[in-house]
2 protein chains.
Amino acid sequence: MSLSTVMEPTTLVDRHSVVPDLQRERQRASFRTSDLTVAIYGTYDLEKINRIRKLFSHNPKFRLSDLWWMPRSERYLRACERAEEFVRLCRQYKMSDEELTIMQLAVGEDFFLLLHLTMFLPCLQSLADDEQCDWWVPLARDFRIIGTYAQTELAHGSNVAGLETTADYDEGTEEWVLNTPSLSATKWWPGGLAKSCTHCICMARLKIRGKDYGPHPFFLQVRDLNTHEAIKGVTLFDIGQKLGYNGMDNGAMQLENVRIPRRHLLARYSSVDKQGNHKKIGNDKMMYGTMTYTRKQLVMGAGLHLAKACIIATRYSAVRRQFPSMEMDMDSATQADPAEAAAARMGGSESQVLDYSTQQLTIFPLMATAFAMHFTGLWTHALYNKMMAKARMENDFSLLPECHAVTSALKAATTLISADGMEACRKALGGHGFLNAAGVPLHFASFLPQATYEGDFVVLSIQTGRSLLKAVEHKMKGKSPPPPESTMRYIFDFDPVAFMGQQGEGEGGSEAGAVDWRDPQWQKQALEKRASVLIYGTAQDFMAATQKGHNSMRALDDVKIEMCRLTKAHAHVVLHRCFQDKIQELQSHTPPIDTNVIDVLKTLSDLYTLYWIDQTFGEFVLARVLKADHAMPLLQTIKQLLKEVRPNAVAIADSWNIPDNLLNSALGRYDGRVYEALYESTKYEPLNQTDVSEGYYRHIQYILHPERKGGSPQSRL
Amino acid sequence: MSLSTVMEPTTLVDRHSVVPDLQRERQRASFRTSDLTVAIYGTYDLEKINRIRKLFSHNPKFRLSDLWWMPRSERYLRACERAEEFVRLCRQYKMSDEELTIMQLAVGEDFFLLLHLTMFLPCLQSLADDEQCDWWVPLARDFRIIGTYAQTELAHGSNVAGLETTADYDEGTEEWVLNTPSLSATKWWPGGLAKSCTHCICMARLKIRGKDYGPHPFFLQVRDLNTHEAIKGVTLFDIGQKLGYNGMDNGAMQLENVRIPRRHLLARYSSVDKQGNHKKIGNDKMMYGTMTYTRKQLVMGAGLHLAKACIIATRYSAVRRQFPSMEMDMDSATQADPAEAAAARMGGSESQVLDYSTQQLTIFPLMATAFAMHFTGLWTHALYNKMMAKARMENDFSLLPECHAVTSALKAATTLISADGMEACRKALGGHGFLNAAGVPLHFASFLPQATYEGDFVVLSIQTGRSLLKAVEHKMKGKSPPPPESTMRYIFDFDPVAFMGQQGEGEGGSEAGAVDWRDPQWQKQALEKRASVLIYGTAQDFMAATQKGHNSMRALDDVKIEMCRLTKAHAHVVLHRCFQDKIQELQSHTPPIDTNVIDVLKTLSDLYTLYWIDQTFGEFVLARVLKADHAMPLLQTIKQLLKEVRPNAVAIADSWNIPDNLLNSALGRYDGRVYEALYESTKYEPLNQTDVSEGYYRHIQYILHPERKGGSPQSRL
Ligand SMILES: Cc1cc2nc3c(=O)[nH]c(=O)nc-3n(C[C@H](O)[C@H](O)[C@H](O)COP(=O)(O)OP(=O)(O)OC[C@H]3O[C@@H](n4cnc5c(N)ncnc54)[C@H](O)[C@@H]3O)c2cc1C
Ligand SMILES: Cc1cc2nc3c(=O)[nH]c(=O)nc-3n(C[C@H](O)[C@H](O)[C@H](O)COP(=O)(O)OP(=O)(O)OC[C@H]3O[C@@H](n4cnc5c(N)ncnc54)[C@H](O)[C@@H]3O)c2cc1C
C-alpha cells in the first residue's frame, strides 16, 4: 500500500475557530504563506512531508502532550510504545530512506530509535567493510537489531584519545576480549544503551600483544536477542534523569572479559588478520566522515528548532494583550488613583504584546536567524553530499578539510544560538512560558545537549581556529588560494598589511553616516573584514606565544579565547553568505517567486545581519569597520526593520508549516485559543485527580493541627 | 531547648577522603578560607547558620538528592513531608524570625511554606491594619493557617490594573462577593494554592454600587480548616508541570459568589465602612513597599544562587582532566597515528580543565559577579531597612523613590545575570552537566522564574528607565541634586553639554594605552559615563518622540529598547560601587582582615568590572570612554586576571561555605569524588530496578520479533 492512497490532505485546524487577533494578522500579510513555505523547504517534497506528518498527528500513540506531565518511567514506556508503532508504520508502508528521515522529524521526541537511525546505522554504513555491511545493515535497517554508539566514558568525552576501554586480541581463539578496566572507564551516555538496545558500536583501545593502537570501533552485542537480558560480562544501567531528553534511556555499560569474534572490529579503515597483524586501509581522514555527518545533521536542525520557539512566541504575543493600548494615554492608565486607572482600562482595549518594540527585538531577529541557519543547513547538506560523492566516486578528498572546518564552526555557533534563542523566546512568554504546556520548556530542555555532544563550543572552536589559522599560514607561505567558492577564500583575499596601515592612521574606516546598512555587499565586506581581523590577529598572537618558547599545547591555550570569538565571526560570514545565495537563487527561480516573498526574505536577512553586528559592535570597531557614531544609526535601522517585519510576523511564523502537534504548545496554537488550551492542559496533571491530596492526609494536617498527631488522624473517607 | 545544645560543630566531610587534586588546590591558596567566609557574610551569625544547617543536613527528611529522580506527585508529597518537619523544628526550637530566615535558605527547595513565609506573612504584616494583624498574623506565624499571594490571572500578570476578579460590596449583609467572571480571570500561578494553602491574599477589583476602585487585597479562606476541602464556590487545581520548581503546587482558582466579611479587605491603606464609603489611608506610595521588599529579597539571593553554580563548576573543573597536559607536546598527542597518540597519552597525565583559559573565562568572571551581586544584596537590604525605619518612625518617605528605582534595576539585571550564568556554568560541566545529579540543572530550572515573577526584565527596565529619565528632567529643570550617597547622583553630576562637545571632536576620549584598567576610580568613571550617555541619549529620544506628537504610551515604546540597555548600565554602576564600598569597609575593619583576602577581593572586583566592560565594549566606545585600540589591552588585562584567580579558585569557591547537601551535586562535592558519586546516583533511578524493563515486554520485543505479535508474547518470568 502506498502512502498517498491512505492520507487525503486535510487541514489540521478548524479555521473557523481561529481567534480574531490571529485572523486579522493573517489577513494583513503582504504575501501568501504557502509561497514562503515553498521558498523555505525548496526541494523537499512538501506533499510527502504533509502526508507523513498526518500519519503521526492523527495517531494517538504519537500524541506529544503527554510530555507535559508524564513521570519518567511512564515516559520511557511511552517511548517504547511510540517505537513499536514507528516500526510498524515503517514495515506497513515500506518507507524509503527519505521517508524514514521525514518520519524522524515527525515524531517530535528523542527516543532510542532515533539514535539507532542517526548514529548506529550511519556509523555501520561508513565504518564497516562491505562484507560486514552485508551481515549487519539489513538487520539494523529492519530493526531486527537495535543499536547505539558507545564512545563517551565516565572520565573521557571530548578527548577521544583518552578512552580507557580495551579490546585485547586473543590469537588463540581469534577473539577480542573487551574490558572497562576501571570505574572511570564505564561507558556513560550512549542513548538507548540502558534498556533498549541489543547492540552498540563500542569504541575501545585496540591492543595486540600489549601494543596499544588507540580507540577503534567494535560491533558489540549487549543484550540477548531472545530474552533481552544483558549478555554475560556486560552490565547495563540507566544514568539517571536529566534536565530534558528523559524519553531517552541514556545508559552506562561496564564490560568484564566480554569476548567477540575478530571480525567484529569494524574494518573499513583498519583491519586485523588472524595472526594479529594490524593494517590501516584507505584514507584515514575519512574517519572524520562520520563526525562531519553528525555535525551537518545538527546544523540542519538548528534553524528549525529555533523556528519552533519563535513561532510559539510570535503567535502567543499576537494574542496576549497586556497594558492599555498605545492609542490611549498612559498617564491616565497608570495613575495612582485606582478608580481612574480602572476607568482608563475599561475605556480602551489592551495592546498585543507583539506591538512592543522590546518584544519585537527579542523575537524577530531570532526568527530571522532561524531562516539564516535553516538555509545554511541546506547548503551544508549539499556540500557534504558533494564531498562524499567526490570521495567515493573519484577518490578525491579535496573538499574534506573545508567540509570539516565549516561543519565544526557552524555546529558550534548554531547550536549555541538556538539554545540561547529558545530560552529568550521562552522568557518572552512571561510567566506562562515556564509551564511545560507552553511547549518551549520541553523543546529547549531537549535541545540543550546539542550544544554539548559531538563537541562543545570550545572544543569545536579550537578545531575551527586551527583550520583558519592554517589558511593564514598557507597565505603567508605564498600557497595558491582556495577556489572562489571556498568559505575560507575571504581570509586569503584579506590584506593584513593594508589593515595595519589603516590602524596606523588612528581611527580610520568609513565615515559615520556613510554606511548603506541594507546593502548586502557592504554587509558581506563588514562581516568578512571583522572575521579576518580576528583571524589574523589570533595567528599573530599564536606565533608570538610559540616564539616565547611555549610548547604548542600551551601556545594554543593562549589563544583559545580568541578562537572562540573568531569561530562565531567566521560562522556569521557563512550564514550571511548562505542567506544571500538563497535569496539570489529564489530571485532567478522558474516559475518566478512572488516578489513580496523575496522582499520579506531581504528584510529578514538585513535584520539577521544587523542584529548580530549590533550584538558585537565592539569587534567591528576594533576591525575599523564601524565607529562610535555608527551605533545610533545602526540601532535606528534595526528598529525600522522590526517595524517592517511586524505586519508579516504571524504569516512568517505560519510559513514554516509546523503543525500544532509538533509545536506541542498551548500558547503557540494555530487557532490562538491559548487560555482554553492552558485550562485543558491541567486536566492531565496527576495531582488534579483529587481535590484533597495525599499530602494533606499524611503531612499538612499535622502542620495545621499538631494536636492530631497524637490522636487519631483525620480519616480519608 | 536551645539550638546550640543539640548541635555540636562537626565537619560534614571526611577530609581524609578528599581527592589529591582538590587537596593540592586548597594547599596552594594564598589565604585562609574562613577569613574570606567572614568577609562574605559579614554581620551574619555564621555559627547560627552552621547550627541550623546541620539540623537539616543530618535529617533524612531534608535529603535533596531525591530531586534527582522523583516523579512530580512523589515530589509534592515529599515537599509536604519536609513542610511538616520544618514546622515541627520551628515549634520545637521556638525559632526567632532571624532563625526562620536562615531555615528557609537551609531547605534548598521551593515549596509552599516558603511562599507562606516570604509573601503571605509579609503582605499581611504590611497590608493589614493593626486589628487585622492581631487576628491573623499569630495564626500565620504559627502555621495554623497556610497562605499564599493570589494576584496573577490567566490573562493578566504584568498589568495589575487589568485584573478581572471582582469583589462587590453587599451593603445588606456587609459582605464582599468575590467572582472570577470569565475563564481569563482565573487566578493562575500562586504558589501552594493548588493543594496546600488554606488561605490567600486575593487581589480583586473593589466595587461599590457599581463603581470600580481597582484591585485591592482581600483576606480569603480557600479550604476548610477541618477537612481541607475547597470552600463552597472556590475551585482549586494545580496548573501543571513546569520546567522546574515542581515541588511547588502552583495553583489556579475560580471563584463563584464567594462571600467574605467586610473586614476581610486588608485595610492599612484603604478601608470601606459599613455604609460602603471607600477611604484611602496614609501614604499610598507605601503600596510599593511590598513590591520593593520582594525585589530586594530576590536581589539578595541572586549572588548566592549564581555562586552555587560557580562552586560546582570550579570544583569539578579542578577534578576533571581532559587532553594531555600542557606540559606535553600536543602535536604528538593528537597525531593521526593512534599508536603514537596512545603512547603520548600514557606518557603524561592530562590537564585539569580548570587550567584552560576558556574554562576560566566562563567561570571566574561569573564567580566575581556573584561576589558583586552578593555584596550589593547586603547593601540593598540595609537600604530597605533604612527606608522602612524612616517611613515608620519619622513618617519620612524620601528614600522610597530611590529604593524603588534601585531595587527594580537590580532585580531586573541580577536575576538575568544569574540565570544566564548558571546555564553557562552548566555547559562548562560538559556532558555530565546535563544530569540532574550534577545539581546545576535543578538549581537553574528552579531559579529561572525569578527572572520573570515580580516583573520581568523589560517591565522593570521601563520602571527603571522612567525613574532615571525623571532624574534627567530634574536636573534640566534646575532642581537641587540628590544627596551624594544617592545611586542617581552621578546622573546629576554628568555634563551632557561637555559630552556633546567631545562628540563634536570626532573620536575624542582618552588615548589608547593611557588607561589604568585596575584603578577603581577609572572604572567608576567609565561605568558612570557609559550609563549617563545612555540615559541622556534616551531622555533626548523620548522628548523627540513626544514632540513628534506621539502620545506618551507610544513615545515610551519608542525608547523601551534603550531603557533595557540603560537599566543594565545603571545596575553595573551600583554593583561596582557596592563591591568597592565593601572592600573599603573591610580594609578599615577591626580586627584587621588579612590583606591576602583583600587582594583576592580586589582581583575579583577588577575581573567583574572589566569582564562586563568587555561584554559591552561598543557602548563604551559610543560613550567616548574607549577606543578601538583599547580592545586588545582590555582582553589582555582580563586574561592576566584569570591567571591571578586560578591558584585561589577552589579556595574562593570553598569560602562561600555552602555545604554539600545544599549544593546537591555529584560534581561539586567538597571531596571531589565525582565519578563514585555519579555512579552512586544511578541507584536511585526507578528504571534501574530491573535489568529488562517493562518497555521490552510490552513493546520492544515486537520490534525485534514482529512474529511474536500474533503468537504468545514472551513470558515475563
Ligand atoms: C544528552 C546527551 C547524549 C549523549 N549521547 C551520547 C551517545 O549516544 N554516545 C556517546 O558516546 N556519547 C554521548 N554523549 C556524550 C557527549 O558526546 C559528551 O558529553 C560531549 O562530547 C562532551 O564531552 P565531555 O562530557 O567529556 O566534556 P568535557 O570535555 O569534560 O568538558 C568539560 C569542560 O571542559 C572544556 N574542555 C574540554 N577540553 C578542552 C580543551 N582542550 N580546551 C579548553 N577547554 C576544554 C569544555 O569546553 C567544557 O567546558 C551524550 C551527551 C549528552 C549530554
Ligand atoms: C514560577 C512562578 C511562580 C509564580 N508565583 C506567583 C504567585 O505566587 N502569585 C502570583 O500572583 N503570581 C505568581 N506568578 C506570576 C508572575 O508574577 C507573572 O507571571 C509575572 O509577573 C509576569 O507576568 P505575565 O505572566 O503577565 O507576563 P506578560 O506581561 O504576559 O509578559 C509577556 C511578554 O510581554 C512583555 N510585556 C508585558 N508588558 C509589556 C510592556 N508594557 N512593554 C513591553 N513589553 C511588555 C514581557 O516583557 C514579556 O516578554 C508566578 C509565576 C511563575 C513563573
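Treat the numbers as computed from the prediction; the structure is a model and nothing was measured. (Residues numbered from 1 in each chain as written. Chains lettered and ligands numbered in written order. Predicted model: local features only at pLDDT ≥ 70, side-chain atom pairs only at ≥ 80, totals over all residues. Heavy atoms only, no water.)

> What is the right way to look at the site of ligand 1 in this model?
Taken together, 32 residues sit near ligand 1, with Thr 152, Ser 158 and Asp 456 of chain A together with Arg 320 and Gln 359 of chain B positioned nearest. Flanking ligand 1 are residues from chains A and B. Between ligand 1 and the protein, one listed contact pairs an oxygen atom with a backbone N or O atom of Gly 431 of chain B at 2.8 Å. Summarising the interface, the protein chains cover 94% of the accessible area of ligand 1, which totals 970 Å² for the free molecule. (Near = heavy atom within 4 Å. Polar contact = N/O pair within 3.5 Å; in protein donor to acceptor, adjacent residues only side chain to side chain. Areas by Shrake-Rupley, 256 points an atom, 1.4 Å probe, with all protein chains shown as cover.)

> Just to check I follow, could you spell out the pairing of strand S3 (residues 175-179) of chain A for this structure?
Put simply, side chains in a regular strand alternate between the two faces of the sheet. All names here are of chain A. A large share of S3 lies buried, amounting to 4 of its 5 residues. In this sheet, S3 lies alongside strand S2 (residues 166-170) in antiparallel orientation, the contact comprising 5 bridges. Paired with Tyr 169 across the bridge in S3 is Trp 176. A loop of 4 residues connects S2 with S3, the two strands running antiparallel in sequence, and Glu 174 in this loop sits at a positive phi of about 55°. Judged from the 4 bridges that link them, S3 and strand S9 (residues 258-261) form a sheet pairing that is antiparallel. Across the sheet, Trp 176 pairs through a bridge with Ile 260, a residue of S9. (Buried < 20%, exposed > 50% of the residue type's maximum accessible area, 1.4 Å probe, protein only. Helix = DSSP H or I, 4+ residues; strand = E, 2+ residues; numbered from the N terminus. Pairing = 2+ DSSP bridges.)

> Can you help me understand the packing of aromatic side chains in this one?
Both the distance between ring centres and the angle between the ring planes are used here to describe each pair of aromatic rings. According to the stated counting rule, one finds 50 aromatic pairs over all chains in the structure shown. With 5.1 Å between their ring centres and 55° between their planes, Tyr 169 of chain B and Trp 176 of chain B make a pair best called tilted. Considered together, Tyr 169 of chain B and Trp 176 of chain B belong to a single accessibility category, that of buried residues. One aromatic cluster in this structure is built from Phe 56, Phe 62, Phe 86, Phe 111 and Phe 112 of chain A. For the cation-ring pair, Arg 26 of chain A lies above Tyr 670 of chain A, with the distance from its terminal atom to the ring centre recorded as 3.6 Å. Here the guanidinium or amino end of Lys 709 of chain B rests over the ring plane of Tyr 702 of chain B, the centre of that ring lying 4.4 Å away. (Phe/Tyr/Trp six-rings, centres within 6.5 Å; stacked < 30°, edge-to-face > 60°. Lys NZ or Arg CZ within 6 Å of the ring centre and 35° of its normal.)

> Which parts of the structure should I look at to understand the nonpolar core?
Burial of nonpolar side chains together is a common tendency in soluble globular proteins. In terms of nonpolar packing, the biggest core is built from 426 residues, with Phe 86 of chain A together with Phe 86 of chain B touching the most fellow members. Once residues lying within four places of it in the same chain are set aside, the contact partners of Phe 86 of chain B are Phe 56, Phe 62, Leu 100, Met 103, Gln 104, Val 107, Phe 111, Leu 113, Leu 117 and Phe 143 of chain B. (Core = buried A, V, L, I, M, F, W, Y, C linked by side-chain atoms within 4.5 Å. Contact = heavy atoms within 4.5 Å.)

> Explain the site of ligand 2 to me, please; I cannot follow it from the model alone.
In the vicinity of ligand 2, 33 residues are found, and the nearest of them are Arg 320 and Gln 359 of chain A together with Thr 152, Ser 158 and Asp 456 of chain B. More than one chain lines the surroundings of ligand 2; the residues nearby belong to chains A and B. For ligand 2, an oxygen atom lies 2.9 Å from a polar atom in the backbone of Gln 151 of chain B. A distance of 2.9 Å separates a nitrogen atom of ligand 2 from a polar atom in the side chain of Lys 560 of chain B. Here ligand 2, which alone exposes 970 Å², has 94% of that area covered by the protein.

> Honestly, the sheet that holds strand S8 (residues 251-255) of chain B in this entry has me stumped. Any pointers?
Neighbouring strands of a sheet are bound in pairs by backbone hydrogen bonds; such pairs are parallel or else antiparallel. Residue and element names in this part refer to chain B. One open sheet accounts for 3 strands, arranged S4-S8-S7; its pairing is antiparallel. Taken across any chain shown, the strands that pair with only one partner, and hence form the sheet edges, are strand S4 (187-188) and strand S7 (234-238). Here S7 pairs with S8 via 5 bridges, running antiparallel. Following the sheet pairing, Val 234 is matched in S8 by Leu 255.

Functional significance is not addressed by these values, which are geometric in nature.
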